[in-house]
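One letter stands for each residue in the lines below.
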Amino acid sequence: MMVVKSLGMVPGEGHMGNVHVIQARVCPPFVAASGPGVLIVNTIQSHPRPMLRAACLFAVILLPAAHLHAVDFIPIMSVPDNTSAWSDYNFDGFPDLFAGTTFLTNNYHIDPNTPFIEHPGAVPGMANTFNTSVGDYNNDGNLDIFGYRMGELGPGGGELKIATGDGAGNWVDDSAKALPTSVSDDAVNRDHIIVDLNNDGFLDVYITSWVFDWPDNASESFAPDTDIIYTNNAGNTFSHTWTSPINRYGKGVVHSDFDRDGDQDVYVSNYWLDQGFLWRNDGFDGSSGLSEQAANYNLYDGPGHTQGSSFGDFNNDGHQDLFISNFAHPGNPQLRFMENQGPAGNYNFTNRGTGGLRQLEPQNSGIPVDFDNDGDLDIFLTVDAGYGAEKNKLYRNDGNFTFTNVTRTYALHDVRQSNQGANFRAAWGDYDNDGFLDLFADSRLWKNPGAQNWPDNHFLKLKLNGGQGANGLVNQSAIGAQARITIPGLGTLTREVQGGIGQGMQNDLALHFGLGTWDQPVDVEIFWPDGTIQNLLDVDVDQFLAVNILDPVTSSAIIPEPRSITLLAAGLILLRPRRRRR
């Protein structure tokens, strides 16, 4: 038997770096495993000195810190290949999964051994859609499902698909609410996001178009196509009101109010050595108000094979940075982290390089996540099928835009290679509500080892609910809202409710903050899409909190976590007019 107690981390010497000092009480029989920095203890019965055979041996063992944090991510079940999104549709506080015509109900709180119940074919109208996204388009409080049918699959392409939910797991095909459009059914539309682009309080749909006509004979070519926007007509119908003025090979699309002016901007990852779009929103009215500004914000770095880029605050300065994902094809620029310089730098972006990430062939998307609750956004890279031996990769954020590959450290390398049919879809959500984000990837659900690896790290989760704000209506799903928490030694952590991430994926709508070892109450600033700033003061950590716009007094803990406290939050609301550019 060996009883091990950590005495904390101290600076190490030479190649060992930081080490943990371990007090180990070793009783017979025991043979210690060898490894870097380990004091090897032989079986006591075989010790040459008889007086030690009956005694317990105390030893001090020095282990590199990384060796104490190696409990694996565990694949606990298979999920459909087209699983795209997390969110809680039935208000039980546990996120569910969505995969085209199938949804999976979270059953963990009823039977942890059967964490999800699959409902195949239960979502009508979603066959042959590229990805699934979820959000409340009619503001009735229930989650709805969106998809877009791909033209390369034959007739019936170029169609927005909508399934309206009732909160009880029943879905109605309301695709007819997408009014007729001139888009050809040959258009190979790729990704879509749901986000309120015109600030009317209802979720619109931005759709990328990869190519106009999928070639089925030698005389046809892959011609670039135009992106489109379906504007939500107050939750009743959707109209195709905008077509991009430039034809490019659109793949993934993401949104963020990166300049915090009160409207959602859009970044499109374009493919086949095309330049990405940055559509700056200057008061989009459904047909005008978006201008392409990538070069003006220093985001132009040459054309590339870009598929799934992502916004996230990677350096904890309170501003949304941008990770641009690129293939390793010859002629491609590097993948890169673009640091948002905030108001002092007019929200321009600075190229911070690869951060130590290796460019993959064929790289698909980078998905931001704080998997270890240390307060820094890490990143998970996914790959497409068909291009050799590359696999998905998990990189840990070590600060200052430097990252370390920890895929093997946590056994996430046990996935299909690209040439074995790798699945590029992946996203994060806390299915068991232990405060650590879990992952679906490679068509499997992976449980985060959580507190087994990082017992001293804390968290806060927020489910934001929209409604009537001081400056206007906010969509019920609060997509586009940002929350900030400032932690001494960590900085200002920023998270944003997103209607899509990478290419064809969506993390849970509930915001997740890892707080490192900070265990004291925190102040939370919420920047709602209508421009209202709402502050929650002295919020206890280690809980899952629901926050209603302009109604913080009724905010309460959703799930009693193992370390959770029910909270009635005292709030302070600051009303700020939305800023417009002139």
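For the structure itself, consult the block above.
Residues numbered from 1 in each chain as written. Predicted model: local features only at pLDDT ≥ 70, side-chain atom pairs only at ≥ 80, totals over all residues. Heavy atoms only, no water.

K.L.:
Got a sec to walk through the overall build of the protein? Specific residues and values, please.
P.N.:
Along the backbone of the protein there are zero helices and 40 strands. For the protein, with 582 residues in total, the buried portion stands at 59%. Looking at the protein alone, contacts between residues at least 24 apart form 56% of all its contacts between residues at least 6 apart. Just so you have it, the protein exposes about 21300 Å², and 53% of that area is on carbon and sulfur atoms. (Helix = DSSP H or I, 4+ residues; strand = E, 2+ residues; numbered from the N terminus. Buried < 20%, exposed > 50% of the residue type's maximum accessible area, 1.4 Å probe, protein only. Contact = heavy atoms within 4.5 Å. Areas by Shrake-Rupley, 256 points an atom, 1.4 Å probe, with all protein chains shown as cover.)

K.L.:
So what's going on with the nonpolar core? Residues and values would help.
P.N.:
Grouped together as the largest cluster of nonpolar side chains are 63 residues, with contacts concentrated most on Leu-160, Tyr-206, Tyr-230, Leu-462, Leu-464, Val-524 and Trp-528. Inspection of this core shows a minimum of three residues originating in each of domain 1 (73–452) and domain 2 (458–548). Filtering out sequence-adjacent residues up to four positions away, Leu-462 remains in contact with Ala-483, Ala-510, Leu-511, Phe-513, Val-524, Phe-544, Leu-545 and Val-547. In this structure, Val-254, Leu-322, Ile-324 and Met-505 belong to the second largest nonpolar core, which totals 36 residues. (Core = buried A, V, L, I, M, F, W, Y, C linked by side-chain atoms within 4.5 Å. Domains from an automatic or database assignment.)

K.L.:
Got a sec to walk through the sheet that holds strand 23 (residues 336–340)? Specific residues and values, please.
P.N.:
Note: strands within a sheet are paired through backbone hydrogen bonds, in either parallel or antiparallel orientation. Spatial ordering of the open sheet is given by 21-22-23-24, a layout of four strands whose pairing is antiparallel. Taken across any chain shown, the strands that pair with only one partner, and hence form the sheet edges, are strand 21 (310–312) and strand 24 (349–351). Averaged over neighbouring strand pairs, the angle between their axes works out to 25° when direction is ignored. As judged from the three bridges shared by strand 22 (residues 321–324) and strand 23, these two strands associate in the antiparallel manner. Bridged to Leu-322 within strand 23 is Met-338. (Pairing = 2+ DSSP bridges. Axes fitted to C-alpha atoms, helices over the stretch in contact; angles between N-to-C directions.)

K.L.:
Describe the pattern of salt bridges, with residues and values.
P.N.:
Per the stated rule, a full pass over the model turns up 14 salt bridges. With a shortest N-O distance of 2.8 Å, Glu-159 and Lys-161 are connected by a salt bridge. Among the charged side chains, a network of salt bridges with common partners joins Arg-260, Arg-484 and Glu-525. (Salt bridge = Lys/Arg side-chain N within 4 Å of Asp/Glu carboxyl O.)

K.L.:
Residue-level account of the pairing of strand 19 (residues 277–281), with values.
P.N.:
Burial runs high along strand 19: five of the five residues are buried. Residues Phe-277, Trp-279 and Asn-281 point to one face of strand 19 and Leu-278 and Arg-280 to the other, with burial holding for every one of them. As paired elements, strand 18 (residues 265–270) and strand 19 share three bridges and run antiparallel to each other. For Tyr-267, the partnering residue across the bridge sits in strand 19 and is Leu-278. One ladder, built from three bridges, connects strand 19 with strand 20 (residues 290–292); its direction is antiparallel.

K.L.:
So what's going on with the sheet that holds strand 26 (residues 378–383)? Which residues, and what values?
P.N.:
Strand order across the open sheet formed by four strands is 25-26-27-28, with antiparallel pairing between neighbours. In the strand order of this sheet, the two ends are held by strand 25 (363–369) and strand 28 (403–405), each with one partner. Neighbour to neighbour, the strand axes of the sheet diverge by 25° on average, direction disregarded. Examined bridge by bridge, strand 25 and strand 26 share five bridges and lie antiparallel to one another. Bridge assignment links Ile-367 to a residue of strand 26, and that residue is Phe-380.

K.L.:
Explain the packing of aromatic side chains to me, using residue names and the numbers behind them.
P.N.:
Working definition: an aromatic ring pair is given by the centre-to-centre distance plus the angle between the planes. In total, this model carries 31 aromatic pairs according to the counting rule given. Note on Phe-380 and Trp-428: the rings are 6.0 Å apart at their centroids and 85° apart in plane angle, and the pair reads as edge-to-face. A residue pair is termed long-range when its members are at least 10 positions apart, and Phe-380 in strand 26 and Trp-428 in strand 29 (residues 426–429) qualify at 48 residues. For the pair Phe-380 and Trp-428, one class covers both residues: buried. By way of ring pairs, the aromatic residues Phe-73, Phe-371, Phe-380, Tyr-410, Trp-428, Phe-436 and Trp-454 are connected into one cluster. Note that Arg-425 overlies the ring of Phe-130, its terminal NZ or CZ placed 5.2 Å from the centroid. (Phe/Tyr/Trp six-rings, centres within 6.5 Å; stacked < 30°, edge-to-face > 60°. Lys NZ or Arg CZ within 6 Å of the ring centre and 35° of its normal.)

K.L.:
I'd love a proper account of the environment of Asp-92, names of residues and values included.
P.N.:
The residue Asp-92 is located in the loop between strand 5 (85–87) and strand 6 (96–99) in this model. Each C-alpha atom, one on Asp-92 and one on Asn-107, is 9.9 Å from the other, the two residues being 15 residues apart in sequence. Among the polar contacts made by the side chain of Asp-92, one reaches the main-chain amide nitrogen of Phe-94 at a distance of 2.9 Å. (Polar contact = N/O pair within 3.5 Å; in protein donor to acceptor, adjacent residues only side chain to side chain.)

K.L.:
Requested: an account of the pairing of strand 38 (residues 544–548), with residues and values cited.
P.N.:
For strand 38, the tally of buried residues reaches four of five residues, placing the bulk of the element in the interior. Across five bridges, the pairing between strand 32 (residues 459–465) and strand 38 is parallel. Paired with Leu-464 across the bridge in strand 38 is Val-547.

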